[in-house]
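In case you want the letters, here they are:
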Amino acid sequence: MINTMECAMDAQNLISISLMKIHNSRTQRGGIKLHKNLLVSYVLRNARQVYIKEKYAEIYRMQQYEEVMTVCNEIQELNPLDLDADDRGEEEHERASCCGEGTSVCGSACQRSAAQPAAHCRTASVLPGCSPLEDGGKEPEPSYYRSCCMETSPVSHCDQFPTNSTHCNKTTVLDLDTHIVTTVENGYLHQDCCCDASQCGQSAQSPAKKRKVEFGCCMSDAEEVSDFTAVRKRAKREDCTYSNLDYTDTSNISNLISIFGSGFSGLLSRQADLEHICSKQAPASLRAWTRAIVAF
Amino acid sequence: MAGPGGGSNDVQWCFSQVKGSIDDDVAEADIISTVEFNHSGELLATGDKGGRVVIFQQEPESKNQPQCRGEYNVYSTFQSHEPEFDYLKSLEIEEKINKIRWLPQKNAAQFLLSTNDKTIKLWKISERDKRPEGYNLKEEDGRYRDPNSVTALRVPVFRPMDLMVEASPRRVFANAHTYHINSISVNSDYETYLSADDLRINLWHLEITDRSFNIVDIKPANMEELTEVITAAEFHPNQCNTFVYSSSKGTIRMCDMRASALCDKHAKLFEEPEDPNNRSFFSEIISSISDVKFSHSGRYMMTRDYLSVKIWDLNMETRPVETYQVHEYLRSKLCSLYENDCIFDKFECCWNGNDSVVMTGSYNNFFRMFDRGYRQDVTLEASRENSKPRSVLKPRKVSTGGKRKKDEISVDSLDFNKKILHTAWHPLDNIIAVATTNNLYIFQEKLN
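Before going into details, it helps to say that this report is about the structure given with it. Counting of residues starts from 1 at the beginning of each chain's written sequence and follows it residue by residue. Here chains are named by letter from A upward and ligands by number from 1 upward, in the order in which they appear as written. Where totals are concerned, whole chains, interfaces and linings use all residues; where local detail is concerned, this predicted model gives features only for residues with pLDDT of at least 70, and gives and counts side-chain atom pairs only at 80 or more. Only hydrogens and water are removed before side-chain values are computed, so all heavy atoms of the structure are retained for them.

1. Here we look at the overall build of chain A
Step number 1: What counts as a helix is a DSSP run of H or I of at least four residues, what counts as a strand is a run of E of at least two, and both are numbered from the N terminus. The helix and strand inventory of chain A stands at 11 helices and 2 strands.
Step number 2: Looking at chain A residue by residue over its 296 residues, the buried ones come to 53%.
Step number 3: In chain A, once contacts between residues fewer than 6 apart in sequence are set aside, the share between residues at least 24 apart is 70%. For every residue, the accessible area obtained with a 1.4 Å probe (protein chains only) is divided by the maximum for its type, and the residue is called buried under 20%, exposed over 50%, and partly exposed between those limits. The contact rule is simple, with two residues in contact once any of their heavy atoms fall within 4.5 Å.

Below you can see the structure in the form of structure tokens.
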């Protein structure tokens, strides 16, 4: 494990520095040094791991806080009598959408009168690929929610298939010449893939414009329940707003992390994906950048 | 052979000479990139970033000054490599001399191999101290005479002349390396040598330039799966079938050429498990081995990584038998050293003649010696301030924390632009050559 003293801020700096080193190596006399760039890619990988870990922890804390706040608001708004009827109706829907074995367990947990565990349960059930509760009698704990979220870690999931473009429909690249971040789509949406900025509520933009990436938005719209839709959309908008605050740095670095997902291989795999998927949209200078690295 | 002590508790080192410009403004071409004594120690070769090789020769010991071993003076200077351009890849090939290796002397001439990133050259350095005179058809200055003016014939004879040292390229071994050459090593059979780049090692015959055998290839089928590169390689000093190569992951592989033509499968793998407590962002960088050297006996080998020197017994693969910390105080500075690129510096290391002491460089023009027998170490400095003839070098100390004692230098005061990457030890005597950025310092043992 990386020494935890190195916080996300250091990781972010290291990522920037490392990318600059790789960029500068293009113009160094004698050609690109394979050994040095390999070592830099290791630093990138290590920094990325720490950065993502911290990011998840941060997002989880934010979501935890917002969930609690929204539920508290709901409790204040809703009539206590109406709450039970709504729960029963939503339980049916949730049973249908909840994954296999955990259905009855989830449902029994939902039957508890408190809205908070229900909210947790529903949220958890909506996450794709969530594992069933082991102990149905207990309330779903925050750690369960976290483990669901962490297991379907979006970026690493994308990175597991660096060359399989059907899973990762979006590729975000940074043109080191013009410093424009471009997202390339191939039109195929996968539920598990987090790199879907449209869930943030943004409309389709031209590729040349910068896009935001949400780490936490793993939820499919189809699973939302009507009463919670407004809540969740509010939460998402707040997430988007939150990310707007440090949009430039955080989103750029988030995007870049997706490139360097598998260490050195990230550089080459993205080149292959880009050329294969969307040759028209990728700027010519980007190719020069990746070509230089592949040149040797 | 080095003196009975050979160790730092007996030996005091004195300044002998310094070569190179005094000017603080260093021209990049003058940066020394390699230093190597020949097998007798009489010749000392340096290579620089400008592609030049300068050879110094030791003067015979003077009877007037028996306390002083002979000085090294310039013997020959020649341009070994020129900058080239690879038109196919649109890449410039640097002329910087990466390594020089001497061949054992077989006749009056000296031979050395010098290499840049792509091409290895065999140079013959020969002396000429007489020249033929009395040609019939040529004047003394070389102009041709009119044959009609020749009235009598004479036999040309050799007459003495001022000593002239000529360097001529005898072989050029080119186009065998796609990646940057980092090492060359002459085999103990004196017929073959190896050259290593980031991913491959080739075996050459000294007489044959148009082909070489590939003996190690670690290039993955898919470059995306690349995880390590070759950083150094060397033949065993006695066993002509054995060589080792080190990797950027901190491992050393020993290969036996008798086992198979392609030595991808190692005979031995030397690796020390990483200490999990020391894990950091830069663990991979500081574990990368920058140099590997066999002991003269062939029983041990030494490796240098960023912070330490390790001695390995060839019979034990699991861990080194000795580990010496060169500048452990830099471990907390790795982030800054990464930013200013110093963390990528490739330090070399060397053995003394009887394998009792090892030496390596550090920053602030410091260099370190570790006495294996007495378990002592010393830090010395190569600087013009200590350059009075035969002045004894004072040991230096870096204060690692707390109160800084007098004469100690704090870690934050170290000059990281002044680094000693290349050092060499005379094969027989206690004479060392230490290269700072653009100067070559020669130190000798103080003789009473």
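2. Here's the deal with the environment of B:R279
Residues and elements named next belong to chain B.
Step number 1: With respect to the helices and strands, R279 occurs in the loop between β19 (268-270) and α1 (283-287).
Step number 2: For R279, a relative accessible area of 17% gives the class buried.
Step number 3: Engagement of the side chain of R279 in a polar contact is seen with the side chain of E274, the distance being 3.4 Å.
Step number 4: At 3.1 Å, the side chain of R279 forms a polar contact with the side chain of S283. Here a polar contact is taken to be a pair of N or O atoms separated by no more than 3.5 Å, where protein atoms must pair a possible hydrogen donor with a possible acceptor and residues adjacent in sequence count only if both atoms sit in side chains.

3. Description of the nonpolar core
Step number 1: Take the buried Ala, Val, Leu, Ile, Met, Phe, Trp, Tyr and Cys residues and link them wherever side-chain atoms come within 4.5 Å; each set so joined is a nonpolar core. Residues B:F282, B:Y306, B:L330, B:Y338 and B:I343 are the most contacted members of the largest nonpolar core, which totals 35 residues.
Step number 2: Of all elements in the fold, only α1 (8-25) and α2 (34-77) of chain A together with α1 and α2 (334-339) of chain B reach the threshold of two or more residues within this core.
Step number 3: The leading source of residues in this core is α2(A), at 7 residues.
Step number 4: Beyond its immediate sequence surroundings of up to four residues, B:F282 is in contact with A:L14, A:V43, B:L334, B:C335, B:Y338 and B:I343.
Step number 5: If you look at the next biggest cluster of nonpolar residues, it comprises 18 residues, including B:F15, B:V357, B:A382 and B:W425.

4. Brief notes about the sheet that holds strand β32 (residues 440-445) of chain B
Residue and element names in this part refer to chain B.
Step number 1: For two strands to pair, DSSP has to find at least two bridges joining them. With respect to topology, 4 strands assemble into an open sheet ordered β1-β32-β31-β30, the strand pairing being antiparallel. On the outer flanks of this sheet lie β1 (13-19) and β30 (422-425), each paired with one strand and no other. Strand after strand, the sheet turns through a mean of 20 degrees between neighbouring axes, direction not considered.
Step number 2: Judged from the 4 bridges that link them, β30 and strand β31 (residues 431-435) form a sheet pairing that is antiparallel. If you follow T423 over to β31, its bridge partner there is V434. The convention used is that axes are lines fitted to C-alpha atoms, helices contributing only their stretch in contact, and that angles between N-to-C directions extend from 0 to 180 degrees.

5. A look at the layout of surface pockets
All names here are of chain B.
Step number 1: In this structure, the second largest pocket spans a volume of roughly 880 Å³.
Step number 2: Points on a 1 Å grid, built from protein atoms alone, make a cavity when a 1.4 Å probe fits but cannot get out and make a pocket when they are open with protein on both sides within 12 Å along at least 5 of 7 lines; residues with an atom within 4 Å of a point are the lining residues. If you trace the second largest pocket, you find 34 residues lining it, with E36, H39, E234, F294 and H296 closest to the centre.
Step number 3: Elements represented by at least two residues in the lining of the second largest pocket include exactly β2 (32-37), β8 (99-102), β12 (183-186), β16 (230-235), β20 (291-294), β24 (349-351) and β30.
Step number 4: Counting residues per element, the lining of the second largest pocket draws most heavily on β2, at 4 residues.
Step number 5: We call Asp, Glu, Lys and Arg charged. Ala, Val, Leu, Ile, Met, Phe, Trp, Tyr, Cys and Pro are nonpolar, and the rest, Gly among them, are polar. Within the lining of the second largest pocket, the residues separate by chemical class into 16 nonpolar, 13 polar and 5 charged. Grid points are joined across faces, edges and corners, and a volume is the space filled by probe spheres set on the points.

6. A look at the pairing of strand β9 (residues 110-115) of chain B
Residue and element names in this part refer to chain B.
Step number 1: Of all 6 residues in β9, 5 are buried, a share of seventy percent or more.
Step number 2: Two strands pair when backbone bridges link them, and β8 and β9 are joined in this way by 4 bridges, in the antiparallel orientation. The residue bridging K99 from the neighbouring strand is T115, located in β9.
Step number 3: As defined by bridge partners, β9 adjoins strand β10 (residues 120-133) across 6 bridges and the pair is classed as antiparallel.

7. A short note on the sheet that holds β8(B)
All names here are of chain B.
Step number 1: Read from one edge of the open sheet, 4 strands run β8-β9-β10-β11, paired in antiparallel fashion. Both edges of this open sheet fall to β8 and β11 (157-173), since each of them pairs with a single strand only. Between one strand and the next, the sheet's axes are offset by a mean angle of 25 degrees, whatever the strand orientation.

8. Focus: the environment of B:K346
Step number 1: Residue position: B:K346 is located in the loop between α2 and β24.
Step number 2: Judged by relative accessible area, which is 44%, B:K346 ranks as partly exposed.
Step number 3: Residues B:K346 and B:R304, spaced 42 residues apart in sequence, show a C-alpha to C-alpha distance of 8.6 Å.
Step number 4: Filtering out sequence-adjacent residues up to four positions away, B:K346 remains in contact with A:H35, B:S290 and B:L421.

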